[in-house]
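Coordinate inspection notes
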Amino acid sequence: MINATEIDILPGVWGDLDEPLVSEPASALVPILLPLVDRGWIEVCRVVPWTAPDGTLGEQPGPPIPKEDLPAVLADAENWEYPPSGTWLGCLTLTLTEAGQSIPR
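First, a word on scope: everything that follows refers to the structure included in this document. Note that the structure is a prediction, hence the values are computed from the model and not measured.

1. Notes on unusual backbone geometry
- Residue Pro-20 follows Glu-19 across a cis peptide bond; omega there is 5 degrees.
- A positive phi angle is found at Ile-7, which is not glycine, with a value near 50 degrees.
- Within the secondary structure layout, Ile-7 lies in the loop between helix H1 (2-5) and helix H2 (10-15).
- For Ile-7, a relative accessible area of 40% translates into the label partly exposed.

Below is the structure:
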């Protein structure tokens with residue numbers, strides 16, 4: 001939930017984990033993230049290009065990945081690694097939904 005608040009990419013989520021999860025395969029996090037999606041608290045999106053009103057180029061979360069695709073997408077270890085290109089475009093990110101934003105922190 002903290003990472004979704006920060007709109008962090010998945011490698012950032014992985015870096016925040018403690019043992020024993022950090023030593024587990026990426027697929028071990030699927031059963032942790034899916035209930036948060038099921039409750040409507042977070043969405044998993046890909047980072048897409050964005051252009052600010054002043055023309056500045058940036059990035060933002062794209063549309064949510066369909067729920068039926070999430071188990072396979074989240075279990076793919078490549079999605080949990082920082083991209084070698086240094087750009088976040090196409091990386092998975094977690095975002096809070098409106099319901100998730102109402103949860104006390």
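Now that the structure is up, let's keep going.
2. Notes on the layout of surface pockets
- Each pocket or cavity is described by its volume, and for the largest pocket that value is around 150 Å³.
- Around the largest pocket sit Met-1, Asn-3, Val-13, Asp-16, Leu-17, Leu-21, Leu-29, Ile-32, Leu-33, Leu-36, Trp-80 and Leu-94, which together line it.
- Sort the elements by how many residues they give to the lining of the largest pocket and helix H3 (residues 30-38) lands first, with three residues.
- Taken together, the residues that form the lining of the largest pocket break down as 10 nonpolar, one polar and one charged.

3. Structural notes on the nonpolar core
- Ranked by size, the top nonpolar core spans 21 residues in total, and within it Ile-42, Val-44, Leu-74, Trp-80 and Leu-94 carry the most contacts.
- Elements that contribute at least two residues to this core include exactly H2, H3, strand E1 (42-51), helix H4 (70-75) and strand E3 (92-96).
- Counting residues per element, this core draws most heavily on H3, at five residues.

Cut-offs used in this document
Residues numbered from 1 in each chain as written. Predicted model: local features only at pLDDT ≥ 70, side-chain atom pairs only at ≥ 80, totals over all residues. Heavy atoms only, no water. Helix = DSSP H or I, 4+ residues; strand = E, 2+ residues; numbered from the N terminus. Buried < 20%, exposed > 50% of the residue type's maximum accessible area, 1.4 Å probe, protein only. 1 Å grid on protein atoms, 1.4 Å probe; cavity = no way out; pocket = protein on both sides within 12 Å on 5 of 7 lines; lining within 4 Å. Points joined across faces, edges and corners; volume = space filled by probe spheres on them. Nonpolar A, V, L, I, M, F, W, Y, C, P; charged D, E, K, R; others polar. Core = buried A, V, L, I, M, F, W, Y, C linked by side-chain atoms within 4.5 Å.

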